[in-house]
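Inside the fold
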Amino acid sequence: MTRAPHVLVFTLVLAACGGATDRAATGERSDAPLTPTTRDSAGVTIHEHPADALERAPLITVDSVPMAVIGDPDDLELDLSNVSDPIFLANGNLALFGAGSVWIYDPTGTLVERIGREGAGPQEFRYGVLAAGLADTILVGDLANSRLALIVPGSAVVRSRPVRFYSANASFRPAGQIGNDDFLLINAGWSFPPGVERIPVPVGRVGPGEDSATVILPLEGPTMVANNTPGLSLAGKTVPTFASGDLAAMWQGDLLVVRPSAWGMERLRPDGTPVGYIRIPLARRAVTPAMRSEDAEARINQFREMLATSAEALPPGFDSTALFNGVRNTPAVDSLGHFSSLRTTPGGLAWLGEFFRFSDSLRHYTAVRHDGAIVGRLSIPRNELVLLGDDRVVLRKEDDDGFVTW
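Right, let's walk through the structure included here. (Residues numbered from 1 in each chain as written. Predicted model: local features only at pLDDT ≥ 70, side-chain atom pairs only at ≥ 80, totals over all residues. Heavy atoms only, no water.)

So, about the nonpolar core. Counting residues in hydrophobic clusters, the biggest one holds 18 residues, and the most contacted among them are W263, M265, L352 and I374. Secondary structure elements with two or more residues in this core: α1 (53–56), β24 (247–251), β25 (254–258), β30 (339–344) and β31 (350–354). With residues near it in sequence (within four places) discarded, I374 still touches P33, L34, H49, A53, L54, A57, P58, I280, T366 and A367. V102, F125, L130 and I151 belong to the second-largest nonpolar core, a separate cluster that totals 14 residues. (Core = buried A, V, L, I, M, F, W, Y, C linked by side-chain atoms within 4.5 Å. Buried < 20%, exposed > 50% of the residue type's maximum accessible area, 1.4 Å probe, protein only. Helix = DSSP H or I, 4+ residues; strand = E, 2+ residues; numbered from the N terminus. Contact = heavy atoms within 4.5 Å.)

Pasting the structure below:
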């Protein structure tokens, strides 16, 4: 019998507690957030950390006892392994989209409210991507119905408006609410327009009376390179190994942008005006032949497992040797970008996920406050993380029977 997954919400705690000490000044691991040097440059606030800041930042750990378990093994109505990105709300509740509805749970794991159902009519959704709006509003980007719904807990859908989330060169998802009828959209997935060497991932804005995004920041994704690897190519091009693109998120009313080429966080007003930077002078990490080989073999091992379970579905004459050789010869960049993910929290933290290799067993995240302070560093086994918050984390685990817990 297939059991429905749980959601496990754990508490985040600093590994070392207490007031600040002089250890940060001596190069040792600090037990308090690292405060940057701050200066003003023509009205733009610059927060700067020294090059060893990540080595000295406090370590954050996950409490071994979950503070909440969401889900019932006997309830098969909602499969929590097949939902869009959940979000934490300002009051500590957790919201997620699945089975045509928005589900809201309180910090104890109790279902508070289920809003909507599958469909295309009022109070219905066909697909949903969530983002936090103003105050307690939840934004639901219904990409399939081409509309944006505004939900207020306790009042269901209070308003919706048509929005086209796709353009010729980009796809979007809601990132936040700027004003009563003004919304920020960020990249929802890569598109591959002909002749483009950098995948476009622009930031858009949908204002009053508009139904499609106006690009306010033309960010870019990974570089495209020619490649004819069997099973790995797309129209003669592929995203090279070890590559990542620009990332954006709504952050306390501002737009936050990070680019993998340098360790830096850029804060902009919704109109694109820069208002602040947070920087660490770190160089990119060189990619060695040994690193390429490790990642290639890790990918090949995963392909072997997939092929072993789907041999009947393979086309006649499928050549696994050619596939494996193609993986080994896939083009790669010469150095690692700094970031692969970006999430912000209701309390004002920005979680920056470091770029990870396919062979890495851990993923590393850095929490940064809005004032530029580095709160700490957290390491999570790969494929376990679902969501990071201000003081809690949602993790995913799967047992030998295939039972998934979050």
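Still more ground to cover, so stick around.
Another point: the environment of E124. Considering the arrangement of structural elements, one finds E124 in strand β11 (residues 124–125). Residue classification places E124 among the buried residues on the basis of a relative accessible area of 13%. The sequence separation of E124 and G100 amounts to 24 residues, and the corresponding C-alpha distance is 7.1 Å. If sequence neighbours within four positions are ignored, E124 has contacts with R117, E118, G119, D142, N145 and R147. A polar contact is formed between the side chain of E124 and the side chain of R117, at a distance of 2.8 Å. (Polar contact = N/O pair within 3.5 Å; in protein donor to acceptor, adjacent residues only side chain to side chain.)

The antiparallel open sheet is built from 4 strands, whose spatial order is β16-β17-β19-β20. The open sheet has two edge strands, β16 (171–179) and β20 (214–217), and neither has a second partner. Going from strand to strand, the sheet's axes swing by 35° on average, the running direction of each strand aside. (Pairing = 2+ DSSP bridges. Axes fitted to C-alpha atoms, helices over the stretch in contact; angles between N-to-C directions.)

Among the secondary structure elements, W251 is positioned in strand β24. It is 7.9 Å that separates the C-alpha atoms of W251 and T345, two residues lying 94 residues apart in sequence. If sequence neighbours within four positions are ignored, W251 has contacts with L256, M265, R267, I278, T344, G348, L349, A350, V368, R369 and H370. Engagement of the side chain of W251 in a polar contact is seen with the backbone oxygen of G348, the distance being 3.0 Å.

Okay, the packing of aromatic side chains next. A ring pair, where both rings are aromatic, is described by two values, the distance of the centres and the angle of the planes. Overall, the coordinates contain 3 aromatic pairs when judged by the stated rule. A ring pair is formed by F97 and F125, whose centres lie 5.8 Å apart and whose planes are at 90°; its orientation type is edge-to-face. Taken together, the residues F97 in strand β7 (residues 94–98) and F125 in strand β11 connect sequence positions 28 residues apart. Between the aromatic rings of W263 and F339, the centroid separation amounts to 5.4 Å while the plane-to-plane angle is 65°, which identifies the pairing as edge-to-face. Taken together, the positions of W263 in the loop between β25 and β26 (264–268) and F339 in strand β30 put the pair 76 residues apart, joining distant regions of the chain. For the pair W263 and F339, one class covers both residues: buried. (Phe/Tyr/Trp six-rings, centres within 6.5 Å; stacked < 30°, edge-to-face > 60°.)

This paragraph deals with the side chain of D254. Here D254 lies in strand β25. On the accessibility criterion, D254 (4% relative accessible area) is buried. In this structure D254 touches A249, R267, L268, R269, V275 and H370, once residues within four positions along its chain are discounted.

This brings us to the pairing of β30. Of the strand pairs in this sheet, β30 and β31 are connected by 5 bridges, and their pairing is antiparallel. Each bridged residue has a counterpart across the sheet, and for S341 the counterpart in β31 is G353. Linking β30 to β31, which pair antiparallel, is a turn of 5 residues; within it G348 sits at a positive phi near 100°.

Another aspect to go through is the sheet that holds strand β2 (residues 37–41). The 6 strands are arranged β2-β3-β27-β26-β25-β24 in an open sheet whose pairing can be described as mixed. Looking along the sheet, the strands with just one partner apiece sit at the ends: β2 and β24. Strand-to-strand twist across the sheet, computed as the mean angle between neighbouring axes with direction ignored, equals 20°. As judged from the 5 bridges shared by β2 and strand β3 (residues 44–48), these two strands associate in the antiparallel manner. Among the inter-strand pairings, S41 is bridged to a residue of β3, identified as V44.

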